[in-house]
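What follows is the residue order along each chain.
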Amino acid sequence: MNGVWQITIPAGGKWSGVVGRGRLVRFTALEEGANLTVLLYNAKDPSERYNMPDTLKAQHTSHLTRGHVLMSDNGRVLASLTEDTLGWHDPIGGYSTRAGTDARYGLTNYQELRNNWLRSGEENLTVELVRAGLGRRDLVPPVNLFSKISCDEQGDMHFVPRHCPKGAQVTLRTEMDTLVLLSNTPNPMDPSPSYPSVPVLVEVLAAEPVNEDDYCLNFRPENTRAFENTWAYYALLG
Amino acid sequence: MAVFNRVESPRKIEDAVYDVIVPAGDGWMKELEPGQVLRIVDLEGNQAADTLFYDAENPEDHYSAIATMTGQGNIYLTAGSVLRTESGKALLTIVADTCGRHDTLGGACSAQSNTVRYSHDTLPMHNCRDTFLLQMAKFDKGYLKRDLAPNINFFMNVPVTPEGGLKFDDGVSSPGAYVEMQAHGRTTALVSNCPQLNNPCNAYNPTPIRILIWDN
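Please read these numbers as outputs of a predicted model, since none were measured by experiment. (Residues numbered from 1 in each chain as written. Chains lettered and ligands numbered in written order. Predicted model: local features only at pLDDT ≥ 70, side-chain atom pairs only at ≥ 80, totals over all residues. Heavy atoms only, no water.)

A.B. asks: Would you mind showing me how to read the nonpolar core here?
C.D. replies: One broad rule of soluble globular proteins: the nonpolar side chains tend to lie buried together. Among the nonpolar cores identified, the biggest contains 95 residues, and Phe27 and Phe146 of chain A together with Leu38, Ile40, Phe53 and Met181 of chain B are the most heavily contacted of them. If near-sequence neighbours (up to four positions away) are discounted, leucine 38 of chain B is found in contact with Trp28, Leu32, Phe53, Val179, Glu180, Met181, Ala189, Ile211, Leu212 and Ile213 of chain B. Within the second largest apolar cluster, 10 residues are counted, among which are Tyr41, Leu134, Val140 and Leu179 of chain A. (Core = buried A, V, L, I, M, F, W, Y, C linked by side-chain atoms within 4.5 Å. Buried < 20%, exposed > 50% of the residue type's maximum accessible area, 1.4 Å probe, protein only. Contact = heavy atoms within 4.5 Å.)

Here is the structure:
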């Protein structure tokens, strides 16, 4: 693929598709205050999926930024964060639910509001999971791009408002053939009483090969070993 | 550091309807009836009891670390914590806890994650996710690898820092410390008594746990 494939996901929107390994997936917040909920699965065997605890503990982090990789539950790298203008993306806030969306923003439905009704991450992700032959049992903690949740020493979680400026950008490089699920729905911990209306631009383009001096590969020794596991997997697949 | 919330249980051992010892590296899977109270005892201290729950009426709805954390606005589990599924359903409530803090961010060890975290030559070592999978096979009710969600680590301490770091701390549990939770509905519990030998989550010395159940 030489050109750039792109789609703009409006507030409440969703998308899923298989992105082959060796692509850059660049996300841009077109207004301030974006939150894009992301789930990743091995496209060939979706029982292998993004694993929040494995990702966090291997990299001794509770936030995601440039250099970090998104690890699968099989010790491999699904995608790397190769570029990031923001410095903090949220792996612990989860996806919004129908019940939570109704409680925070008021009851909405298609019958009255047509496509202005307020969608939830739970429903968006479930639809795309079922489309891929999966189901609710495959729901796991996602990554929320563009959001920041910090924890104090008591363990209390704090959503940081106004974290994401207009134009904030983060790029994932796929290291495996990856089923990507996206839901442009609010972070469940965002206390704002109004449903955010922030479109996110998604662009997919070819990545350069991973070199020995690659930033994500060398970010931690754990990352190097996860890359080695990934390459071994593809060596076997041929 | 955070306050440790320690609450003793009024229940007596002799009143329990079920009592079993689970050795280190072994597992346990069983359905709890509505209202039953499950106690996990860290017999020798510094052990990690990796635990998952499922709505027995709808096993596709598994325990959710995130729904549990965001539901209470805090990452640590202790007395009063409501353990929730992906759908937000309340499965159990922690009703007693003499340890005071438990982790649900750190997940379970696996052969594959061991190779990432420690070294490639740890691949043959025994691990929690193998225990979970074997218990699922023996339970024989259709549970598969895809049902393995991020779990609870009872008796384990994985603090995060305000700067966004994450670390593994030792020493929050002690011999005889226990945690008790009451099931709201029919709930399937899956436990791996952690065999990890590579980090201080169980002081490099995996030891037995005891599991007791009381009727409501």
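Having put the structure on the table, let's press on.
A.B. asks: Where do I start with helix 4 (residues 121-131) of chain A in this structure?
C.D. replies: Residues and elements named next belong to chain A. Considered for burial, the residues of helix 4 that qualify are Gly121, Glu122, Asn124, Leu125, Thr126, Glu128 and Leu129. Elements in contact with the buried residues of helix 4: strand 2 (14-19), strand 4 (36-42), helix 2 (98-105) and strand 11 (178-183). Downstream of helix 4 by one or two residues, glycine 133 has phi in the positive range, about 85°. (Helix = DSSP H or I, 4+ residues; strand = E, 2+ residues; numbered from the N terminus.)

A.B. asks: What exactly am I supposed to notice about the packing of aromatic side chains here?
C.D. replies: Each pair of aromatic rings is reported with the distance of its centres and the angle of its planes. All names here are of chain A. For the structure shown, the criterion picks out eight aromatic pairs over all chains. Ring geometry for tyrosine 105 versus tyrosine 195: centroids 5.3 Å apart, planes at 75°, classification edge-to-face. Separated by 90 residues along the polypeptide, tyrosine 105 in helix 2 and tyrosine 195 in the loop between strand 11 and strand 12 (200-206) bring together distant segments of the chain. Residue class for tyrosine 105 comes out buried when judged on its relative accessible area of 16%. A centroid spacing of 5.8 Å and a plane angle of 50° characterise the contact between phenylalanine 227 and tryptophan 231, whose relative ring orientation is tilted. (Phe/Tyr/Trp six-rings, centres within 6.5 Å; stacked < 30°, edge-to-face > 60°.)

A.B. asks: What is the right way to look at the pairing of strand 9 (residues 187-193) of chain B in this model?
C.D. replies: Regular strands place their side chains on alternate faces of the sheet. All names here are of chain B. Burial analysis of strand 9 places seven of its seven residues in the buried class, which makes it a mostly covered element. Residues Thr187, Ala189, Val191 and Asn193 of strand 9 are buried on one face, and the alternating residues Thr188, Leu190 and Ser192, pointing to the opposite face, are buried as well. Across six bridges, the pairing between strand 2 (residues 27-32) and strand 9 is antiparallel. By the bridge assignment for strand 9, glutamate 31 is matched with threonine 188. Pairing of strand 4 (residues 49-55) with strand 9 involves seven bridges; the strand directions are antiparallel. From the neighbouring strand, alanine 49 faces strand 9, where its bridge partner is asparagine 193. (Pairing = 2+ DSSP bridges.)

A.B. asks: Can you help me understand the side chain of threonine 115 of chain B in this one?
C.D. replies: Tracing the sequence through the fold places threonine 115 of chain B in helix 2 (residues 111-117). Assessed through its relative accessible area of 4%, threonine 115 of chain B is described here as buried. Reaching out from threonine 115 of chain B, the side chain makes a polar contact with the side chain of asparagine 229 of chain A at a distance of 2.9 Å. Residue contacts for threonine 115 of chain B: discarding those within four places in its chain leaves Arg225 and Asn229 of chain A together with His120, Thr122 and Leu123 of chain B. (Polar contact = N/O pair within 3.5 Å; in protein donor to acceptor, adjacent residues only side chain to side chain.)

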